[in-house]
Amino acid sequence: MPAGISETARYAIENPSSIREIMSLVADYERNPEKYPRPLVYLGGGWPQDPPPKPLVDAMKELWEDEREIRLSARYPPTKGDPDFLDAVVEYEEVIFGRRMPRDEIISGLGSTDLAGGLFLATLDRGSEVIMARPCYLNYQRQLLVETMLGVKMKYWDVIKDGRFEPNVDELQELITPDTRMLILVTPGNPDGQVFSDEVISAVSDLAEEKGIWVLLDVAYRMFHYSGVPSYYSRPRREREIWLASMSKELRAPGWRLAYLYADPELIRAVETVQQARTLATTRIPQRAFVRMMSKEGVRDWLRRYMLEETPRIYGEIARMTTDLMSQIEGIRVLPPQGGFYVFFNVEFVEPSSRRFVQGLLNEWQVALAPGVDFGMEGWVRLSFAPAVEEPEKIREGVERISQYVAGLRTS
Ligand SMILES: Cc1ncc(COP(=O)(O)O)c(C=O)c1O
């Protein structure tokens, strides 16, 4: 490595995420398919196959036909977000969840990854501790270390025990010390698809208020619920809660990079100041498309139907189908998802290393999954059905190959 590479970058390079390694193998399959015995079934990444909703696509197209919009979107937006975008977010939350979100408690960002970065810098000091529910979204651990130049300590609240989702708030309490600044929860979860109940979120918020720690609630998958929607999406924010919403999944637009944070107004001011130094502002084009979508006639009813009926129905059917098929594989223990894009299952009975399981499956059967070890749970594997939600036959084919692979491992 050349001189002049930081300790932080060295850490990141020396500890690659295995998903990235799998992605480069996947890229090779895509470039040179003739080298491999069968077409790849890609159930690795967490991006939806279906397109962004029609009103949003129409709005984006109209934007490019409108000279005034082109000029406006080419200017620097305010760091917090285009003022019309902040108003549109207030309306969107009200339309879908009936939530009243004060405008001065919102800031936009280039996806939730960007906002999480600004938030970490606005809340953490060298030596601060962050607690994450485990299993946890894999990027948080790396991002926390990178953004704080390896300065924070991470602790884990294990919420899955003996293959069941059982978050115990007393155990969380035992992890908190005077250095604890933040707790991170993802609901519905990535990689596990589990949903924190109203009671648990309420008990966590009580605890956070008592101890003066922040609770980051990452709700990137909040429109994907398969067994009832918790009521916390509709109630006002509690004092120490920070809500992080992303357009990547719910509006099927991860490439447009748009998200927002809903938090204490003083904290929003701190994040805004940090973001002025970090990214300056969020790209205006997707913000303007969102504004235009919200101004369309009939869009309120359309969005309610799309988000609260169609999305959970379509994704729910695929989630159930995938869970049923996976559960039929002898020996595999599946955690049925309550929401999100993923089916998480235990493979320890044939292979204790999730990385080896995933690599073997890719090499021998050309199915791409993600190893649980990257999410803090060894012996588990994540299947993402979102990249094939419009092609269930691909999921069936993928599960059939997994079944053959497992059968082979059992006899070897
Ligand atoms: C839980 C969770 N949070 C955040 C992200 C990143 O989202 P964004 O595209 O908004 O940066 C992901 C992406 O998969 C995710 O699963």
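Residues numbered from 1 in each chain as written. Predicted model: local features only at pLDDT ≥ 70, side-chain atom pairs only at ≥ 80, totals over all residues. Heavy atoms only, no water.

### Observations concerning the packing of aromatic side chains
Tallying each qualifying case throughout the model produces 22 aromatic pairs. Measuring from ring centre to ring centre gives 5.3 Å for phenylalanine 85 and phenylalanine 290, while their planes differ by 65°; the resulting arrangement is edge-to-face. Residue phenylalanine 85 is located in helix α5 (residues 83-97), and its partner phenylalanine 290 is located in helix α12 (residues 284-294); the two are separated by 205 residues in the primary sequence. Ring centres of phenylalanine 224 and phenylalanine 341 lie 4.7 Å apart, and the angle between their planes is 85°; on these two criteria the pair is classed as edge-to-face. Placement of phenylalanine 224 in the loop between β8 (214-218) and β9 (241-246) and of phenylalanine 341 in the loop between β11 (333-335) and β12 (342-346) is noted, with a sequence separation of 117 residues between them. One exposure class covers both phenylalanine 224 and phenylalanine 341, and it is buried. By way of ring pairs, the aromatic residues Tyr221, Phe224, Tyr315, Phe341, Tyr342 and Phe385 are connected into one cluster. Against the face of tryptophan 243 rests arginine 99, its NZ or CZ located 4.3 Å from the ring centre. Over the face of the ring belonging to tyrosine 262 we find arginine 237, whose NZ or CZ atom lies 5.7 Å from the ring centre. (Phe/Tyr/Trp six-rings, centres within 6.5 Å; stacked < 30°, edge-to-face > 60°. Helix = DSSP H or I, 4+ residues; strand = E, 2+ residues; numbered from the N terminus. Buried < 20%, exposed > 50% of the residue type's maximum accessible area, 1.4 Å probe, protein only. Lys NZ or Arg CZ within 6 Å of the ring centre and 35° of its normal.)

### Let's talk about the domain arrangement of the chain
Its domain assignment divides the chain into domain 1 (7-51 + 308-411) and domain 2 (54-301). For domain 1 and domain 2, the distance between their C-alpha centres works out to 26 Å. Contacts between the two partners involve 37 residues from domain 1, matched on the other side by 34 residues from domain 2. Together domain 1 and domain 2 conceal approximately 3,100 Å² of surface at their shared face, both sides included; 63% is due to carbon and sulfur atoms. In this assembly, domain 1 and domain 2 are joined by one salt bridge. The partner of arginine 252 in a salt bridge is aspartate 50, and the shortest N-O contact between them spans 2.9 Å. For the interface between domain 1 and domain 2, the tally reads 16 residue pairs in polar contact (both at pLDDT 80 or more). Within the residue set of the side of domain 1 that touches domain 2, elements represented by two or more residues are α1 (7-14), α13 (299-327), β11, β12 and β15 (380-384). Considering each element in turn, the side of domain 1 that touches domain 2 owes the most residues, seven residues, to α13. (Domains from an automatic or database assignment. Contact = heavy atoms within 4.5 Å. Buried area = accessible area lost by both parts, 1.4 Å probe. Salt bridge = Lys/Arg side-chain N within 4 Å of Asp/Glu carboxyl O. Polar contact = N/O pair within 3.5 Å; in protein donor to acceptor, adjacent residues only side chain to side chain.)

### Details of the packing of α5 against α13
Relative orientation of the contacting elements α5 and α13 amounts to 60°, with a least axis distance of 9 Å. Regarding the angle of α5 to α13, the classification is oblique. Seen along the crossing, α5 lies across α13 with a hand that is right-handed. On α13, the residues touching Glu91, Tyr92, Val95 and Ile96 of α5 are Arg300, Leu303, Arg304, Met307 and Leu308. (Axes fitted to C-alpha atoms, helices over the stretch in contact; angles between N-to-C directions. Parallel < 35°, antiparallel > 145°, perpendicular 65-115°, else oblique. Left-handed = near helix turned anticlockwise from the far one by under 90°.)

### Some remarks on the side chain of threonine 323
When you line up the elements, threonine 323 lands in helix α13. Once you skip the residues sitting within four places of it in the chain, threonine 323 turns out to touch Val334, Pro336, Pro337 and Val343.

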